[in-house]
Amino acid sequence: MFINKLKNEGKAYAVFKVFNTFVMLFVILITLLPYLNVLAKSLNDGIDSMRGGITFFPRVFTWENYRVLLADSSMYRAFFVTVAKVVLFVVGSVMVQFMAGYGLSRKDLWGLKGVNLFFLIPTYIAGGLIPNYILYSNIGLLNSFWVYVFPAMWNFYNVIIIRSYMSSNISDSIVEAANIDGANEWITFSKIVMPLCKPILATIILWTAVASWNEWTSTLYYIQNPDLHTLQYKLMQTLKESERITALMQEALKQGEDVQQLASQMKVTTESMQAAQVIVVTIPIILTYPFLQKYFVKGVTLGSVKG
């Protein structure tokens, strides 16, 4: 009877594995196919793309969309500004949030509930854009590179995830043993706690890096110096210029004018520029994610389940 039960469970598990495989393949397809469609449009002639019908392969292959996108020499400076912003932001965020998470994970912290409440309230009640602008102006962050780094270092949601991970996976006895051996709080944090937090560390690095890489509104609101423009902001400007040219062509068509000359000047279209923009912006994240994936899954699951 026991052997039959095992056989039945084995069959059920085999069915589950087959079903799970098909579900995962379906999820991969619905995730990958739209990206392949965008890639095909980015490699297709812009005028030809306006006809529609592009699937997963370019119909009229061209590099023109990328040539136009990268023709501006300031794009390369914007790229280095963006990379520097991401690196400094990630390093600063990790240090601030992990130190805060370590402190809030200590049950012997005086006034722990009050400190948690103090940090929790601003997550629901924010000052808004105008108070932030006035604050940044008063402390000298307007038109400064550091406006990309300092204001967003603190994220209480990430701190909660880090605190939960430390509370669930780092026992108090480890910290107590380090203290008995003469380690102070900084040594305990840097030499004992941080090496045990690789999964959640990779998770937070990935989250903060993606958020910083994609963010462009800080440039719009707080930066006037063109040398401090980020890659995403430059791409947005290029897209707006493409939309302007397309609007001129549409207006000329409505008025019955000859648009052949305008069409010859328009090397790309709004849709083709959007596609090229998506590819350029996502490539760094796609190349980074595989190196952090094995830690990412473990960090999220262990940080959310106690025991």
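Structure first, text after, so check above.
Anyway, here's the lowdown on the structure attached to this text. (Residues numbered from 1 in each chain as written. Predicted model: local features only at pLDDT ≥ 70, side-chain atom pairs only at ≥ 80, totals over all residues. Heavy atoms only, no water.)

So, about the pattern of salt bridges. Tallying each qualifying case throughout the model produces four salt bridges. Across the salt bridge formed by D227 and R77, the nearest N and O atoms sit 3.8 Å from each other. Linking D227 in the loop between helix 11 (217–222) and helix 12 (231–254) with R77 in helix 4 (residues 74–105), this pair joins segments that are 150 residues apart in sequence. Between K85 and E215 there is a salt bridge, with its nearest N and O atoms 3.8 Å apart. Of the two residues, K85 sits in helix 4 while E215 sits in the loop between helix 10 (198–214) and helix 11, which places them 130 residues apart along the sequence. With a relative accessible area of 1%, K85 lands in the buried category. (Salt bridge = Lys/Arg side-chain N within 4 Å of Asp/Glu carboxyl O. Helix = DSSP H or I, 4+ residues; strand = E, 2+ residues; numbered from the N terminus. Buried < 20%, exposed > 50% of the residue type's maximum accessible area, 1.4 Å probe, protein only.)

Take the packing of helix 4 against helix 9 (residues 185–193) next. Packing of helix 4 against helix 9 leaves a shortest axis separation of 12 Å and a crossing angle of 110°. Classified by the angle between their axes, helix 4 and helix 9 sit roughly perpendicular to one another. On the side of helix 4, the interface is formed by M95, F98, M99 and Y102, while helix 9 contributes E185, W186, T188, F189 and V193. Residue composition of the contact of helix 4 with helix 9, grouped by class: seven nonpolar, one polar and one charged. (Axes fitted to C-alpha atoms, helices over the stretch in contact; angles between N-to-C directions. Parallel < 35°, antiparallel > 145°, perpendicular 65-115°, else oblique. Contact = heavy atoms within 4.5 Å. Nonpolar A, V, L, I, M, F, W, Y, C, P; charged D, E, K, R; others polar.)

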